[in-house]
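# Descriptive analysis of the structure
Here are the chains, one letter per residue:
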Amino acid sequence: MAGLHGERFDRLTHAYRCFLAGSCPSQSAAEVAGVVFSGVRGPAELPGHDSACARAGARCREGSAELTCVSVTLVGIVTSLTSEGQPAELVRYCRDTLAVLFQDLDLMTQLVHHFQTEDQIISHLAAKSVSTYVVHHLLESATVSPVWQQKCVQAFHSSSPGQELDGCLWSLTDVLKRLLQAAHQEILGKIVAAFEPSLRALCSKFLPEEKQRGMDFTSCDRWGTTFCLLLDLLEALAASSVICGAGLKSPRLVHIHSSALLTTISCSPEYFVKKRALLLLKRAVLQKAGEDWASGEVLSAGRRHEHFSTDMNKLAQTVLTAVAADWLQSVQVESASFFGGNKHSDGGQKPDCVMLRAVSLLILKSTELHIQAPGITAGVDSAPDVYGYLQSLWGFLRQCSVHLMEVKHLCSWVSLLFGEQDDDMMEAAKASLFIFLHHRLCSGLDDIAESEAACVSGCNPHCHFLFLLQSVSFDHSILLDFLISSETCFLEYFVRYLKYLKADWQGFTAACERVTKSRCHVSLQESFTFSCAGDMPALTYTGEPDQVEFSSCVQPSGFIPPADRISLVAGLPLVEYDSSDESDAGSMEISEDEPGPSVCEKSKCPAFYVKQKTFEARQKQHESSDSAGLLSEPTSTVKRRPDGLSLPMLQSKQRLCTHMAPLSGQVTLARALTCLSELRQVVTRLQTKKLFPYNPSSLLKLMAHVENCSQQSPVSLFNK
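Residues numbered from 1 in each chain as written. Predicted model: local features only at pLDDT ≥ 70, side-chain atom pairs only at ≥ 80, totals over all residues. Heavy atoms only, no water.

### Digging into the nonpolar core
Counting 188 residues, the largest nonpolar core has Phe19, Trp148, Phe156, Ile191, Leu234, Phe494 and Phe508 as its most contacted members. Top contributing element to this core by residue count: helix α12 (residues 223–244), with 14 residues. Beyond its immediate stretch of four places on either side in the chain, Trp148 contacts Met108, Val112, Phe115, Val130, Val134, Ser171, Leu172, Val175, Ile191 and Phe195. (Core = buried A, V, L, I, M, F, W, Y, C linked by side-chain atoms within 4.5 Å. Buried < 20%, exposed > 50% of the residue type's maximum accessible area, 1.4 Å probe, protein only. Helix = DSSP H or I, 4+ residues; strand = E, 2+ residues; numbered from the N terminus. Contact = heavy atoms within 4.5 Å.)

### With respect to the state of the cysteines
Taken as a whole and judged by the stated rule, the model has 0 disulfides. Not engaged in a disulfide, the cysteine Cys459 finds its nearest cysteine sulfur in Cys411; these two sulfurs lie 7.5 Å apart. When its relative accessible area of 1% is taken as the criterion, Cys459 is described as buried. (Disulfide = S-S within 2.5 Å.)

### Focus on helix α18 (residues 353–372)
Its 20 residues place the ends of α18 28 Å apart at the C-alpha level, agreeing with the 28 Å of an ideal helix rising 1.5 Å per residue. When you tally the buried positions in α18, you get 17 out of 20 residues, the bulk of the element. N-cap assignment for α18: the residue whose side-chain oxygen lies 3.2 Å from the backbone N of Val354 is Asp352. (Expected span 1.5 Å × (residues − 1). Polar contact = N/O pair within 3.5 Å; in protein donor to acceptor, adjacent residues only side chain to side chain.)

### Overview of the packing of helix α22 (residues 422–443) against helix α24 (residues 461–471)
Orientation of α22 relative to α24, taken along the N-to-C sense of each, is 160°, at an axis distance of 9 Å. Classified by the interaxial angle, the pair formed by α22 and α24 is roughly antiparallel. The handedness of the crossing between α22 and α24 comes out as left-handed. Contact with α22, carried on its side by Met425, Met426, Ser432, Leu433 and Phe436, involves Pro461, His464 and Leu468 of α24 and no other residues of that element. The residue makeup of the contact of α22 with α24, split by class, is 6 nonpolar, 2 polar and no charged. (Axes fitted to C-alpha atoms, helices over the stretch in contact; angles between N-to-C directions. Parallel < 35°, antiparallel > 145°, perpendicular 65-115°, else oblique. Left-handed = near helix turned anticlockwise from the far one by under 90°. Nonpolar A, V, L, I, M, F, W, Y, C, P; charged D, E, K, R; others polar.)

### Let's talk about the packing of aromatic side chains
Counting across every chain of the model gives 16 aromatic pairs. Measuring from centroid to centroid gives 3.6 Å for Phe102 and Tyr133, while their planes differ by 5°, and the two rings are stacked. Remark: Tyr133 occurs in helix α7 (residues 120–141) and Phe102 occurs in helix α5 (residues 88–104); sequence separation between them is 31 residues. Three or more aromatic residues link up through ring pairs in this structure, and these residues are Phe465, Phe482, Phe490, Tyr493, Phe494 and Tyr497. (Phe/Tyr/Trp six-rings, centres within 6.5 Å; stacked < 30°, edge-to-face > 60°.)

### Side note on α7
The terminal C-alpha atoms of α7 lie 31 Å apart, and with 22 residues this matches the ideal 32 Å at 1.5 Å per residue to within 8%. The N-terminus of α7 is capped by Asp119, whose side-chain oxygen sits 3.0 Å from the backbone nitrogen of Ile121.

### Section: unusual backbone geometry
One non-glycine residue, Gln287, adopts positive backbone phi at about 60°. Inspection of the secondary structure puts Gln287 in the loop between α15 (271–285) and α16 (296–301). Take Gln287: its relative accessible area is 40%, and that puts it in the partly exposed class. Even without glycine at this site, Ser473 takes up a positive phi of about 55°. Along the chain, Ser473 falls in the loop between α24 and α25 (476–484).

### Some words on the environment of Gln317
With respect to the element layout, Gln317 can be found in helix α17 (residues 308–324). A relative accessible area of 36% places Gln317 in the partly exposed class. For the pair Gln317 and Leu369, spaced 52 residues apart in the sequence, the C-alpha separation amounts to 8.5 Å. A polar contact of 3.2 Å, which involves the side chain of Gln317, links it to the side chain of His370.

### Thoughts on the side chain of Thr318
Position of Thr318 relative to the elements: it lies in helix α17. By relative accessible area, Thr318 is classed as buried at 18%. When sequence neighbours within four positions are dropped, the list of residues in contact with Thr318 reads Ser258, Ser259 and Leu262.

Structure follows, in structure tokens:
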């Protein structure tokens, strides 16, 4: 028996090496197919070898599993070598081998039989080889493999969580992903239609509209794995909706069963299942299903089916109804995991920000969609409801995160929570801006009262934008990266915000003062935390409300918010756009044909220049106040923590009086204007040299209008 295994293994190894080298094996295609088939079928299936295998015991079973793994893997390799770009002789050889395997020997029956084997490696390899061949067969003959289809349909209708159902779910998901990546519209629609009834039956079992109508599989050992594979399949189906078009319900299953998915998030015994279901709903509401593996061009070029708006409105309404029914109170948020653990080196814990961000975006985007839905009119009655959802969200975030409980200015929560995810942060800022504009339209409040109400709800767009600028250290090159990149919705958000900024300049200047004051009065050690490798400076504010004393220290684990964290590396832009060989001084000016008024450099802007000189004069006045003043040199001291650890600290005690807040607000305004001005200049230069990826004329015009507003604003605004 060992000799038979060894001979087959040597022949398979020879064929494997030849295929990898791009050459044909010395054996004929029929001979290779026979060896592969016998390896896939296994020695227990061969006549006359059952008793021998039983006598050999564990050694025989181990050798059989190894032989099966190599044979199943070889099936996928032979299938992939039939694609274009391979030598013609090799392609012909592989096609002949596949014809013998799947037409003469009916290998598909043996492969799908391995879906239910106890060996998880063999089961997965079989599902992988099956999906590879199914796609090949679809592209060659435009027909679905009947053996595979029958196996999957039977499993979807009758199987409980286990290896067999897992293999069917994984193989179908992989087939859909491959077809989506290649944008095969007709074939994709055909295979989705083939599984339409069985998929709806499967979701009715695992995602019933009413819990008592479905079957409770949560007690099964493999329920969590099977359910996550079902969620992956639902995401692939949702992504296929842009290609398949209307007429099929399978691509709409996420929206149809959104209520059941929310129930899963709150009631599932497995935390990772809750998380996967929540992330699926987040991608659905953001219209980003499949973005991790599907081509962005394919997803963006697809058309929306006729039920798209209805489905999105239903999803949003389902989420908001659940929020109104205290669904957030049942959402579990555990501590974040760090290399298998959930504690920092200092013993502290950090909440799972992936869950917090997903919940936040789900509610924000659902609120935005609810506002956009037909039949929602602008009226005073709808204004409190919109901000009510945000208040519920804020209460949930404070309940889950000790660090967010200490935040005094609620508008900072967007930059604090989403600081590590640029794409999510832009989506949150855009949704918050839309919600604010709707509330402003229907509330009947004046601009000042509306701004105050927005700050109470953490939804002031001016504050959000200023916190964003602070988080990137007012670095215009990072904003330029956002404008050029297609990975975020920053362009859409930025244009919409600039239109509002042009209409409410007074609110922007007031927000500069509020944002600066909030940074001076929040205890940074108790605010949102950020851990990183190596020493990191941390700021600690102590003292009385009227007189703030702070120190700058170095700790092994720094506790600083994202805004201050990034400001520590100010002056280090992501890309040095001014270092191009083609850059010159003249390229910094706007051409005469540029729409909008011409905006000159800082030295030619009277308003900005006067404000800057005023700030410098006040700086000199406070320099001579005392040795512990604002600009005093730091002195090196050593403090001992309560736990007995000595930490080197560079401590500089400084005292800030309350009358310094207007000065700081003026600095924030000046830095924001400088950042926007530099951004406009760089975009203009790139447009002049035809290096910008799209036409930014409208954007430049808006930015020029904003700079016009800054020049017309009175210098005495901060001296009230």
